[in-house]
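The residues making up each chain are set out below.
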Amino acid sequence: MSLRAVLFTPLLLAAVAAADTTPDRFSSGVWQGAANYDDEGAFSDCTMTAEAQSGVLLGFVISKDFDWGLVLADETRSFDVGTRKAVLLVVDEREPIAAMAKVVDVHGILIPLENSDEVVEAMRAGKALRIATDGTEFSFELTGTREAIAALAQCVTEHEGTKRVEL
């Protein structure tokens, strides 16, 4: 998967900039999103985030190549940057989805997701998501993810091949 650690910072910035009305930002229900660009100003990905009641941030990211994944950020946890973690994703009562996450920040992990109908539909239609790693479990409500993931994919389609516009 071509998603890299540089995706993590823009993801967190998308949550902070929720009130921003620039064309590169969008919202869908509880989700706040943004188009992100690399250091040369070329479009790289779109992200959207929502914060759980626990303060843990959950995000979805879709790259310009339509690879996708989840980002989990928890300021109370410390991870060893660059390492990999086995994770288990459980949506409602569906079969668990095993994945290998990459630690991209001292407080966050990136979990690449399979681009299969089963995984996409679980994330879009699910009500609750549990993520288990290293003996810790995080729980999230998947409120409005059907519309939010559609908006995220639309963001990628709209920004594909674009350059950042400096105001």
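Before reading further, recall that the structure is shown in the block above.
The rules behind the values
Residues numbered from 1 in each chain as written. Predicted model: local features only at pLDDT ≥ 70, side-chain atom pairs only at ≥ 80, totals over all residues. Heavy atoms only, no water. Helix = DSSP H or I, 4+ residues; strand = E, 2+ residues; numbered from the N terminus. Buried < 20%, exposed > 50% of the residue type's maximum accessible area, 1.4 Å probe, protein only. Pairing = 2+ DSSP bridges. Axes fitted to C-alpha atoms, helices over the stretch in contact; angles between N-to-C directions.

Participant: Explanation requested: unusual backbone geometry in the structure shown.
Facilitator: Trans peptide bonds make up most of the peptide bonds, and negative phi angles are found at most residues other than glycine. Its identity is not glycine, yet F66 carries a phi of approximately 65°, on the positive side. When you line up the elements, F66 lands in the loop between strand 4 (57–63) and strand 5 (68–73). Assessed through its relative accessible area of 33%, F66 is described here as partly exposed.

Participant: So what exactly am I meant to see when it comes to the sheet that holds strand 1 (residues 25–28) here?
Facilitator: What holds strands together in a sheet is hydrogen bonding between their backbones, with the strands either parallel or antiparallel. Taken in spatial order, the ten strands make up an open sheet running 1-2-3-4-5-8-7-6-9-10, and their pairing is antiparallel. In the strand order of this sheet, the two ends are held by strand 1 and strand 10 (136–141), each with one partner. Neighbour-to-neighbour, the strand axes of the sheet open up by a mean angle of 25°, direction not taken into account. Looking at chain direction, strand 4 and strand 5 are connected through six bridges and run antiparallel. Each bridged residue has a counterpart across the sheet, and for F60 the counterpart in strand 5 is L70.

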